[in-house]
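Results of the structural survey
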There are 4 protein chains.
Amino acid sequence: MKAAVAGASGYAGGELLRLLLTHPALEIGALTAGASAGGTLGEHQPHLPALAGTVLQDTTAEALKGHDVVFLALPHGRSAAIAGQLGDDTLVVDCGADFRLDDPDEWTRFYGGEHAGTWPYGLPELPGQREVLRTARRVAVPGCYPTSATLALFPAFAAGLAEPDVVVVAASGTSGAGRSPKTSLLGSEVMGAVSAYGVGGAHRHTPEMAQNLSKVAGRPVRVSFTPMLAPMSRGILATCTALAVPGLTQTALREAYAAATEHEPFLRLLPEGTWPSTAMTLGANTAALQVTLDERAGRVVAVVAIDNLTKGTAGGAIQSANLALGLAEELGLPLNGVAP
Amino acid sequence: MKAAVAGASGYAGGELLRLLLTHPALEIGALTAGASAGGTLGEHQPHLPALAGTVLQDTTAEALKGHDVVFLALPHGRSAAIAGQLGDDTLVVDCGADFRLDDPDEWTRFYGGEHAGTWPYGLPELPGQREVLRTARRVAVPGCYPTSATLALFPAFAAGLAEPDVVVVAASGTSGAGRSPKTSLLGSEVMGAVSAYGVGGAHRHTPEMAQNLSKVAGRPVRVSFTPMLAPMSRGILATCTALAVPGLTQTALREAYAAATEHEPFLRLLPEGTWPSTAMTLGANTAALQVTLDERAGRVVAVVAIDNLTKGTAGGAIQSANLALGLAEELGLPLNGVAP
Amino acid sequence: MKAAVAGASGYAGGELLRLLLTHPALEIGALTAGASAGGTLGEHQPHLPALAGTVLQDTTAEALKGHDVVFLALPHGRSAAIAGQLGDDTLVVDCGADFRLDDPDEWTRFYGGEHAGTWPYGLPELPGQREVLRTARRVAVPGCYPTSATLALFPAFAAGLAEPDVVVVAASGTSGAGRSPKTSLLGSEVMGAVSAYGVGGAHRHTPEMAQNLSKVAGRPVRVSFTPMLAPMSRGILATCTALAVPGLTQTALREAYAAATEHEPFLRLLPEGTWPSTAMTLGANTAALQVTLDERAGRVVAVVAIDNLTKGTAGGAIQSANLALGLAEELGLPLNGVAP
Amino acid sequence: MKAAVAGASGYAGGELLRLLLTHPALEIGALTAGASAGGTLGEHQPHLPALAGTVLQDTTAEALKGHDVVFLALPHGRSAAIAGQLGDDTLVVDCGADFRLDDPDEWTRFYGGEHAGTWPYGLPELPGQREVLRTARRVAVPGCYPTSATLALFPAFAAGLAEPDVVVVAASGTSGAGRSPKTSLLGSEVMGAVSAYGVGGAHRHTPEMAQNLSKVAGRPVRVSFTPMLAPMSRGILATCTALAVPGLTQTALREAYAAATEHEPFLRLLPEGTWPSTAMTLGANTAALQVTLDERAGRVVAVVAIDNLTKGTAGGAIQSANLALGLAEELGLPLNGVAP
């Protein structure tokens, strides 16, 4: 089977290619780009010598046709037009935000403009979602922060152990902000510094978290989300707390998480007493997870670490694509990371 | 006036000396150390050439006597014995935890062993505390995390705008963990990684935060605190949220913070729309602060950045010492930081 | 075929395991350790969940017997005793320094104590060395710095284009200094800082560089080597210059490098105008290489980037092991890296 | 006396202001900028709250007139026009390259366009230069790399201990590349990576190094210079080697360096066995220096650490300005740095 990558010169595109290069069932086809079209991949992804000479084509339906799967790693708002020109014989997996939200009002409120629609949501770990993805021809890959927060708290909500008052504070590496040059993302600005941004419900990933957790909880979940930029290239560490239901015990909480994760290939509940570090998951499709009950504060506290580019974007995309293509879900996806 | 520093070879001791070197009213006297005694300061603090040849003495009352102020930057549990041998003619400022907590049970629960007592708490920004410090002969310098969380939320609690359900998630640079060699603090382990630790109410700074905020609120405040280690040497960024009281508006919230900070020399409420970065405060005694009301989540979200070694330890210590010595509070304390 | 790893809890051991986990012809057998024996690998290498439950055995010949290949990642001086107890039916690949140097006097001068002997040197790119390795039963893996400097300059010396006056200045990530806790390697010390060490010919890798380049040049090569510690976990960037022979042209130089590298699976001569970054090779067994003639200074300047743990240690070890085991040299070794 | 800063929104401008804020004899006057004119300094230098409300004016002679000293921190090529409109009653200190080189051909070769002229060179440590600067009305501040390399090797050349064959390899923090957004300077690109650039004599600072060392040596010195970008915001660590003259001893070398540095306020020859780290000089105007003779390689190896923004730019500028204004050379310049 053949895979095309649109947006191959960016960070998400580069990570897709890194993973596809060792994927046993997917062959790399067309690579496309925007302003970088006409150049070679080697100019943009010098860590991928195997593809150094591949010429980047313009991102057109022409170039992307004839593949079994097309991965879109485009700026927000660009996916709908391209996808519309690709028939249902092509699986389209969108790493952008365009098709993630169910509610058009939420889309307009957070992204502006008109809602393009809703595609099957590419988080197989959500209850029931794996089956949905097996027959999908279109997949909306979750945002990196929503991936982390949803994986951290869905076991508590699915088991009815948490009240719908959630606080998520997550630190992300800078690659989550993309490759476009901005003063605030210069190395001189970000090294040695942690900063907050999009505070107070302003970040676009907030409604996506609320949507996911509300579905699992079966009632509206309020989410206070604060993202931080941390001085590292990759990784998200999300601290996610929810009010505990009355009478909750540490044992019951832990059992719920053990049950929810034990058959999941990429969810790793750490041994008790060990807390996640992004270093556990760099380059891997694994989410490292730990949970505890803070009895005095009356809160469930779950912490999750993922690589924002792997499980948070490109790895998650391939995981869903594997399902939709009838392949083994784990195919081509590293469980083990790179450390130190 | 003469100042001695006990624990001069560690990070807190080094920062005390950096600040004292430019303090116009305090002259540096004896420097003492534990295992490093007998060597010169230059071996441990090579960034302070002005003191490179000063010999480190053993940490004894003998060496520390005869100074107007003694700063203790010792491991927890060591301060009481030394302080007991220094008369009231000497101001003793303890950067350790020994005398921070009011409640002996909380001490035993979090630190183990017997409670040494309670000293005036060195956070002049707390309502009424500045006056207490003006006549103090003993000062307990706050922990670095409690400094950040208290400064972030005291205006909301003092103005009755927040309910006593608090979630604090704070990222700290590695200097907060001290200079003793541990595998988990090696550069190879911490660079490129954010990790959580002391989760679920286990961190020793949790009761100190609750103590401070409860006093301001006039009723018990529950605190869920999660610390994170971030790949930088210095700085704390704390995201602190509390349930908003019904009917709270953004305007009222902002006015309360403006009122609480406008006469404070080291609290800097940022212009609206600007969120704190630790880069704003590196090497400065300033706390950079911002607050907003998340209406959907029903939460006050305050974010504060400090330098954990300056406002969070050594700068805070000197600020309190200035007050207790009858000096201007700001003396010798940098308002401006070092960036990028 | 089965592989054992002695020293599995350190950085070199961890990298060997990361690579072996995807090696198609080598199965992981016994894992041994020193002080960490008795615990599980998961406590030390949390990025390798696939082996999290494997128990670490004591490093004894008993534990290591019965494998086709044993990789030793032990402190210097420990390999000889173990290797002596393993028969010639077992390939032994030593990542330590014990068997790298030919000259016993040089060994004693730089390492102290008695010389254990000399094993076939595991750098297949050296002229003639690939053939030696195909029949080897013992392999001495090169040091990380000598790997970088030798790969940078052997094409110039092999082609007779450089005089034997060499200056090497190389920056290394901190993982090269190992996992033992030392104050100077704490994150607080190394982040935000570049420092020099082992200057003036004192570093133990100096005679190994001279040995390699002298063999290629056919005459003694003098090497001035200065290592630097850089604030990153992995990677070496080595700037290597040698006096140019009279009349040398840029074209001749480039042709020599193109010829020396074109059939090498892991040497990548970059396009003209592109200079190496360690980011090109993180996690890969690739050496990224560039060279130019500085006509005014009369010097050949070659710069090489490698991952010190991959091509510089564990990847290099597996590359040589592949040859000695009769496998394809590239088997199980990533050509592409992880970025950003 | 009043000081204006042109280019106040950049990194050099910000560092000038940080230092001027505590300078006892210089008051801050007009601040000007290019594209940022019209905004406040707080938007660009949030670490300097003391000047947060100051409005940035356009960079015109009008705005800069009437000051005792004008510091220019402008892009290359912009200084001549402005300086020409400021009379000799104003001391003009140019942090740019325009007036550093003596030789117009070298200017044209490395910078292109026409040579603007030559101003007194702002490195008081160069033999005789301090006296020149005392009467200067125009000062060309040295480049950051040439500052480091010249300070490292001038004692050897002044004492006739080195042959004119020099190799300089220097790692710089990213602030040296300025604040203009470029993809290659994004945090995601530079964190975790060391890279080489401007190799083979191509970097513009090469002729400036050769000019300085040739003057001291009294004969042409050939310089092979390789700069590297390191993952830190500030600091340069330069390894500088020169062929030793025959018969040179370690004692004679060390004595020459001791003599050359003992009366220098900002040159700090470290105790034997201690090698420089940029962490020793962050935020300080100090150059930390060490030297040794590599007898086997026949080379003098000197290593120097500076803060590229302080001694390498803004601190050096103020040091020269102090001399030209008849002030004490050390005034307002920190000897001690910020660490860790």
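Source: prediction; values computed, not measured.

Take the sheet that holds strand S7 (residues 162-172) of chain C next. All names here are of chain C. Taking strand neighbours across the sheet as the criterion, the seven strands line up as S8-S9-S7-S10-S13-S12-S11 in an open arrangement whose pairing is mixed. Looking at which strands have only one partner, the edges of the open sheet turn out to be strand S8 (195-196) and strand S11 (267-269). Pairing between strand S10 (residues 236-244) and strand S13 (residues 299-306): eight bridges, direction antiparallel. The residue bridging Ile 236 from the neighbouring strand is Ile 306, located in S13.

Time to look at helix H4 (residues 104-111) of chain D. All names here are of chain D. All of the buried residues along H4 are Glu 106, Trp 107, Phe 110 and Tyr 111. Viewed end-on, H4 has its buried residues packed into an arc of 105°, placing them on one side of the element. Opposite the packed face of H4, turned more than 90 degrees from it, sit the exposed residues Asp 105 and Arg 109. Looking at the buried side of H4, the elements it contacts are helix H8 (206-217). Sitting at the head of H4, Asp 103 places a side-chain oxygen 2.7 Å from the backbone nitrogen of Asp 105. Residue Gly 112 follows H4 closely and has a positive phi angle near 80°.

Our next topic: the packing of helix H6 (residues 144-158) of chain A against helix H9 (residues 250-261) of chain A. All names here are of chain A. Contact pair H6 / H9: the axes reach a minimum separation of 9 Å and the direction vectors enclose 115°. By the angle between their axes, H6 is roughly perpendicular relative to H9. Here H6 runs over H9; the crossing is right-handed. Across the interface between the two elements, Ala 152, Leu 153, Phe 154, Pro 155 and Ala 156 from H6 touch Ala 256, Tyr 257 and Ala 260 from H9. Taken together, the residues that form the contact of H6 with H9 break down as eight nonpolar, no polar and no charged.

With that settled, the discussion passes to the relation of the copies chain B and chain C. Mapping chain B onto chain C is achieved by rotating through 180° and translating by 0.0 Å along the same axis, at an RMSD of 0.0 Å. Both copies are brought into coincidence by an operation consistent with a two-fold rotation axis. Residue B:Gly187 of chain B places its C-alpha closer to the rotation axis than any other residue of that unit, at 1.8 Å. When you check the interface residues of chain B against chain C, 100% turn up at the interface there too, and the contact is symmetric in its surfaces.

Our focus in this paragraph is the UniProt feature "active site" (unreviewed entry) in chain A. Residue and element names in this part refer to chain A. Per the UniProt record, "active site" (unreviewed entry) is found at Cys 144. Judged by its relative accessible area of 12%, Cys 144 is buried. Other than its neighbours up to four places away in sequence, Cys 144 contacts His 205, Ile 236, Ile 306, Asn 308 and Gly 312.

Parameters and conventions
- Residues numbered from 1 in each chain as written.
- Chains lettered and ligands numbered in written order.
- Predicted model: local features only at pLDDT ≥ 70, side-chain atom pairs only at ≥ 80, totals over all residues.
- Heavy atoms only, no water.
- Pairing = 2+ DSSP bridges.
- Helix = DSSP H or I, 4+ residues; strand = E, 2+ residues; numbered from the N terminus.
- Buried < 20%, exposed > 50% of the residue type's maximum accessible area, 1.4 Å probe, protein only.
- Arc of directions from axis to C-beta.
- Contact = heavy atoms within 4.5 Å.
- Polar contact = N/O pair within 3.5 Å; in protein donor to acceptor, adjacent residues only side chain to side chain.
- Axes fitted to C-alpha atoms, helices over the stretch in contact; angles between N-to-C directions.
- Parallel < 35°, antiparallel > 145°, perpendicular 65-115°, else oblique.
- Left-handed = near helix turned anticlockwise from the far one by under 90°.
- Nonpolar A, V, L, I, M, F, W, Y, C, P; charged D, E, K, R; others polar.
- Least-squares fit on C-alpha atoms with pLDDT ≥ 70 in both.
- UniProt positions renumbered as here; feature names shortened; annotations may be inferred.

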